[in-house]
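Structural features, examined
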Amino acid sequence: MLSLIDRRMGIFLAGLFLLTVAVPAGNLVLAGQPVPSYIVALLGKYLCYALLAVALDLVWGYCGILSLGHGAFFALGGYAMGMHLMREIGARGVYANPDLPDFMVFLGWQELPWFWHGFDMFGFALLMVLLVPGALAFVFGWFAFRSRVTGVYLSIITQAMTYALMLAFFRNEMGFGGNNGLTDFKDVLGFNLQADSTRAGLFVLSAIALAAGLLVAKAITSSKLGKVLIAIRDAESRTRFIGYRVEEYKLFVFVVSAMMAGVAGALYVPQVGIINPGEFSPANSIGIVIWVALGGRGTLVGAALGAILVSIAQTLFTSWFPELWLFALGGLFVFVTIFLPQGVLGLIESRFARRRKPAAAKEASA
Amino acid sequence: MSTQLLLDGVNRSFDGFKAINDLSLTVEKGELRAIIGPNGAGKTTMMDIITGKTRPDTGRVLWNQSVDLTRTDEAGSARLGIGRKFQKPTVFETQTVEDNIALALKEDRSVWATLFYRRSAEDTKRIGELLELVKLSHVADWMAGDLSHGQKQWLEIGMLMAQDPELLLVDEPAAGMTDAETMRTAELLRQIAGKHTVIVVEHDMDFVRALGCRVTVLHQGHVLAEGSLDHVSSNEQVIEVYLGR
Ligand SMILES: Nc1ncnc2c1ncn2[C@@H]1O[C@H](COP(=O)(O)OP(=O)(O)OP(=O)(O)O)[C@@H](O)[C@H]1O
Ligand SMILES: [Mg+2]
């Protein structure tokens, strides 16, 4: 376990730990509340994005699977959690119907659709947070990897997958709240979602999930299986000829990554208070790729860092010049691809390495 | 002796062009066999067919007189015990020389076994021996991408040996090697033949002579002649299409 924490990981986890202590303390304990509540929710959201970026880096950075549909797994995890939160509202909805969520009453439905059963139980919902994205990734990957769909074609069909899901979830008949999605949540496990203490708790949970996600990803990538993944990324055909069934390896890592994305989505939804089909939008999935590329592909920590930095920039930018954000993001992406192929993390590390020992930098770039 | 590999009436065309044309070939267990022939004769395609990369249009390909190789995929043929060295050396460039060997080492290839694999002292020893054999011990921790062309050839040979295959398919191993290295490769292949079956494709006639084995001449996807090097090189047709150029 300790062997998984190299310098890079150690520094990041230490920083994350400090944040995990300081933010709730600044919000709940210190006089004058130096950390306002909206900041807690905002930072919690960033941590979920960071976990999502780590999930993508696992498949893209290490196995060369450029998924442009990872937002779908995130959204499905989010919907699974959202369904539980809807059930927990109970009779406190606008229509005060103890058996049906408001949007179903509004549509005139008489009973709960079969796929909503069980979501009143928190444990069941948690299981679905993992199983639904995992199962989709399994079925999708089974066909795609077996038919040896790779490269751009794979990227396109992942994008098509999330687009198709978005259209499906927009429809009221699907039973997931259509356009409006799921919202007006009241509490989770009896804790009021509006309370500062609940928000701080969700923030801490997000930080723990991110740390766990990083360690799981690190354990996978530093095992022999991780080396097989890199071999597949760099020379897929060669890897087959030494006896590895490439499709099985891809399937494994794709499913693990989808589950990780699902967990990120499940933590995200109670913190933002809503999940709607917009989360499936293809642009979201492309955004994840940009986070990873900016932070440093194939570094895990870089992916997390990229997600956080870009999200901070987005929050600031959209409040100053809302119309310019997409141009700024596009420009930044082009800049990084051309000038910082190793991403922000690569830049930081080469700075430090150069200052300390010139030889080390050469080794790192080799 | 029993037959290791049998190709019988194999055909394969690409867009109407017959790359392999009624090819029949038998290789015995433990045999060392050289395949020569002009560019485009179908030597690499033949290896693609044996390893399941390319499916023949018609014909039989039998492994150990029982297993139908036209039904296996690349990983399947590797698991049966067919190892392959490519014409263009392909190693895992962003991984160390040692890791390249470790990845090829004969082990359980399933996802779970690979995920929980712990390197045993025995494996470490074996990797050390292989690195020694291909004279890459001093660069064991280099990235494979930083090796010279000749060193990559050796690394591929090391990876091939690491798999401990029953049959080795070796496509132009001497390209990019010095004369001394070429002779050392021939020596190595002669040593491992007997215990393993070896099929070598090579253009370098000195190398083929050094192998001192039965030679098959391929031309337009068909066997033109077969026998000792002296026998085939006195064949009129062979001189015309290949040696005489
Ligand atoms: N996948 C493919 N698609 C189309 N044509 C192919 C394919 N593979 C091989 N060929 C063609 O089949 C013919 C035989 O090629 P092959 O590579 O087997 O020759 P070779 O004997 O290995 O030649 P060399 O000595 O140049 O390596 C060539 O004309 C080649 O262009
Ligand atoms: Mg060839």
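Residues numbered from 1 in each chain as written. Chains lettered and ligands numbered in written order. Predicted model: local features only at pLDDT ≥ 70, side-chain atom pairs only at ≥ 80, totals over all residues. Heavy atoms only, no water.

Another aspect to go through is helix 7 (residues 179-192) of chain B. All names here are of chain B. Under the 1.5 Å per step criterion, the end-to-end length of helix 7 is 20 Å for 14 residues, consistent within 8% with the ideal 20 Å. Taken as a whole, helix 7 has its buried residues at T182, T185, A186, L188, L189 and I192. Buried positions in helix 7, seen along its axis, are confined to an arc of 160 degrees and lie on one side of it. Seen from the open side of helix 7, the exposed residues pointing more than 90 degrees away from its buried face are D179, A180 and Q191. (Helix = DSSP H or I, 4+ residues; strand = E, 2+ residues; numbered from the N terminus. Expected span 1.5 Å × (residues − 1). Buried < 20%, exposed > 50% of the residue type's maximum accessible area, 1.4 Å probe, protein only. Arc of directions from axis to C-beta.)

Turning next to the packing of aromatic side chains. Residues and elements named next belong to chain A. For the structure on display, the rule yields 24 aromatic pairs over all chains. Each ring, one from Y79 and one from F169, has its centre 4.6 Å from the other, and the planes form 50 degrees; the classification is tilted. Of this pair, Y79 sits in helix 3 (residues 70-89) while F169 sits in helix 6 (residues 151-170), and the two are 90 residues apart along the sequence. Accessibility classification places Y79 together with F169 in one group, the buried group. (Phe/Tyr/Trp six-rings, centres within 6.5 Å; stacked < 30°, edge-to-face > 60°.)

Residues and elements named next belong to chain B. Close to ligand 1 lie 13 residues, the nearest being N39, K43, T44, T45 and Q87. One of the backbone N or O atoms of G40 is found 2.9 Å from an oxygen atom in ligand 1. At 2.8 Å from an oxygen atom of ligand 1 is found a side-chain nitrogen or oxygen belonging to Q87. In isolation ligand 1 exposes 640 Å². Once the protein is present, 63% of that is buried. Going through the elements one at a time, strand 2 (17-28) and helix 1 (43-50) are the ones with two or more residues in the shell around ligand 1. Here the shell around ligand 1 gets three residues from one element, more than from any other, and that element is helix 1. Looking at the shell around ligand 1, its residues break down into four nonpolar, seven polar and two charged. (Near = heavy atom within 4 Å. Polar contact = N/O pair within 3.5 Å; in protein donor to acceptor, adjacent residues only side chain to side chain. Areas by Shrake-Rupley, 256 points an atom, 1.4 Å probe, with all protein chains shown as cover. Nonpolar A, V, L, I, M, F, W, Y, C, P; charged D, E, K, R; others polar.)

A separate point is the sheet that holds strand 1 (residues 3-14) of chain B. All names here are of chain B. The sheet built from four strands is open, its strands ordered 2-1-4-5 with antiparallel pairing. Every other strand in the sheet has two partners, leaving strand 2 and strand 5 (67-68) as the edge strands with one partner each. One ladder, built from eight bridges, connects strand 1 with strand 2; its direction is antiparallel. The partner of T3 across the bridge, within strand 2, is E28. (Pairing = 2+ DSSP bridges.)

That's the geometry; what it means functionally is another story.
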